[in-house]
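Observations on chain architecture
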Amino acid sequence: MAIHEECGVFGVMSSGKADVASMTYYGLYALQHRGQESCGIVVNDDGVFTTYKDMGLVSEVFTKDVLDRFPEGQIAVGHVRYGTTGGTTRTNCQPIEVNHKKGKMALAHNGNLSNALELRDELEMSGAIFSTTSDTETIAYMITRKRLEKGSIEEAVSAAMPYLEGAYSLVLMSSTKMLAVRDPQGFRPLCYGITEDGTYVVASESCALRAVGAEFVRDVEPGEILVFSKNGVEERREHCNTKAKRTCIFEHIYFARPDSEIDGVSVHKARLKAGEILARSFPVEADVVIGVPDSGLDAALGYANASGIPYEIGLIKNKYIGRTFIAPGQNHRFDQVKIKLSPVKSVLEGKRIVLIDDSIVRGTTSKRIVKLLKDAGAKEIHVRISAPAFLHPCYYGTDIDSEENLIANHHSTEEIAEILGADSLAFLPLSDLPELLEGSRTYCSACFDGDYPTAVPTDTRKDRFEGKIKIGC
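The present account deals with the structure reproduced in this document. Predicted model only: the values in this text are computed from it and were never measured.

Quick notes on the rules
Residues numbered from 1 in each chain as written. Predicted model: local features only at pLDDT ≥ 70, side-chain atom pairs only at ≥ 80, totals over all residues. Heavy atoms only, no water. Helix = DSSP H or I, 4+ residues; strand = E, 2+ residues; numbered from the N terminus. Rg over C-alpha atoms; globule rule 2.2 N^0.38 Å. Contact = heavy atoms within 4.5 Å. Areas by Shrake-Rupley, 256 points an atom, 1.4 Å probe, with all protein chains shown as cover. Lys, Arg positive; Asp, Glu negative; His and termini not counted. Charge placed at Lys NZ, Arg CZ, Asp CG, Glu CD. Buried < 20%, exposed > 50% of the residue type's maximum accessible area, 1.4 Å probe, protein only. Polar contact = N/O pair within 3.5 Å; in protein donor to acceptor, adjacent residues only side chain to side chain. Arc of directions from axis to C-beta. Phe/Tyr/Trp six-rings, centres within 6.5 Å; stacked < 30°, edge-to-face > 60°. Lys NZ or Arg CZ within 6 Å of the ring centre and 35° of its normal. Pairing = 2+ DSSP bridges.

Quick look at the overall build of the chain now. Looking only at helices and strands, the chain features 16 helices and 23 strands. What you see for the chain is a C-alpha radius of gyration of 22 Å, in line with the 23 Å of a compact globule of 473 residues. Dimensions of the chain, computed from C-alpha atoms along their principal axes, come out at roughly 70 × 50 × 45 Å. In the chain, once contacts between residues fewer than 6 apart in sequence are set aside, the share between residues at least 24 apart is 70%. Approximately 19000 Å² of the chain is accessible, and the part contributed by carbon and sulfur atoms is 48%. Counting 53 positive and 65 negative side-chain charges, the chain places the averaged centre of each group 3 Å from the other.

Here's what the structure looks like:
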């Protein structure tokens, strides 16, 4: 089982009419690694919203014909999804739109509310009717309820935030404004930039800013609300510094693109550092270091640099298969690892290999990769993982399984190595995580140490809302 990303959000606000749909398309394309289930774009042209969203990759959903249907506009909001709450259906595609007495809103969300079930139950008891099974609709409902009481969309968002627990990085728009919002603990990344012509751009990662020609300005601070309007950028900080910052450490280890920077720390450098730590802490005599594409490559280079063992490309990834590859039928029993990854026999044959990967969840995929390398003639395989061992599930937008399905929760490192068929195995020491963030300790590592920043949800099933409504009926 692979770990899946949660979501990616993107927003554009131009000073005049522009092709904001195409700009959003390119931004979402740069964020495709964060979610491959579905995607959507909403364009705002003088208060008229035009929407298209569907299941599939950005390039599949937004064909030229689809993009040509969008009008020019002033604002656009986009989303790529891997759902951590709610089923994989078109109904749960984002952005979510709301029409209410005071206007319209479109909302894109990255993260996961830890109190979504309690909030939704409370809202339903007061008469709320939900049409999706995503926790994003709960956020939209809370903001809309407050908007009916408040004088502006930013005041409504601020009033709703104390009710929301857990992870939420939001991009939303009203008829005249675009907002960027990050939860007070800053679990998920969010940043903004500006183009030469003064167009504001908000994105989950800085790599998406560069993709559309925007210059990075800064990260959105935890708890901050940024309001983009014809008057420029307004900073609202009433929810800042109310809680300890707890950015997800796995963003730097796995989720984010290596060319992104999150909260001032280069993702590429963090992964290099992880490899260096592994080489220092768990040296081994070997002939070559290789990484599992893609997120293991930077750490492998770091290990090679620190150890003096040559770095090589030992596994080739089929770039035409996404991370959510599905076999075409139940009768096809082909090993999906072999379809995704191909060993370079000339690099591996007769060699002692250091294999760097970002994580081990159930161990099934890692076991298949080890066998793939041994079948290609590898003499020894020493597995090094650029993250600590997963011992606990995540409730903040990362699809990390329940404890009973996490191999490290039930087996020692030596036992896992034997299960994988590896000659040795080592995980990144938990105590060394601050080195990845240049000494900062303002991160969430609950999936490794069980130190949850919020109350643990009473119901942690991804489909916990599915029984409440029947989609399509």
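So, about the side chain of E224. Relative to the helices and strands, E224 is located in the loop between β11 (215-219) and β12 (225-229). Looking at E224, the relative accessible area reads 0%, which means it is buried. For E224, the side chain forms a polar contact with the side chain of R237, separated by 3.5 Å. Filtering out sequence-adjacent residues up to four positions away, E224 remains in contact with A180, V181, R182, R218, D219, E235, R236, R237 and C240.

Let us now look at helix α14 (residues 413-420). Along an α-helix, a turn takes 3.6 residues, which lines up residues three or four apart on a common side. Three or more residues of α14 are buried, namely I416, A417 and L420. Angular distribution of buried residues about the axis of α14 spans 105°; they occupy a single face of the element. Opposite the packed face of α14, turned more than 90 degrees from it, sit the exposed residues E414 and E418. For α14, the secondary structure elements touched by its buried residues are α13 (364-375) and β22 (424-427). Downstream of α14 by one or two residues, G421 has phi in the positive range, about 85°.

Applying the stated criterion to the full structure yields 14 aromatic pairs. Look at F390 and F448: their rings are 5.3 Å apart centre to centre, the planes differ by 20°, and that puts the pair in the stacked class. Pair noted here: F390 is in the loop between β21 (380-385) and α14 and F448 is in helix α16 (residues 446-449), with a separation of 58 residues, a long-range link. Using a relative accessible area of 2% as the deciding quantity, one classes F390 as buried. You can call F448 buried: its relative accessible area is 3%. Put simply, the rings of F250, Y254, F255, F390 and F448 pair up and form one aromatic cluster. K104 extends its terminal NZ or CZ atom over the ring of F49, reaching a point 5.4 Å from the ring centre.

Bringing the environment of M142 into the picture now. Here M142 is to be found in helix α5 (residues 135-147). The residues contacting M142, other than those within four sequence positions of it, are L119, L123, A160, Y163 and L164.

The two faces of a sheet get side chains in turn, since along a regular strand they alternate between them. Pairing analysis gives five bridges linking β12 to strand β13 (residues 232-236), with the strands arranged antiparallel. By the bridge assignment, I225 is partnered in β13 with R236. Linkage of β12 to β13, two consecutive antiparallel strands, is achieved through a turn of two residues.

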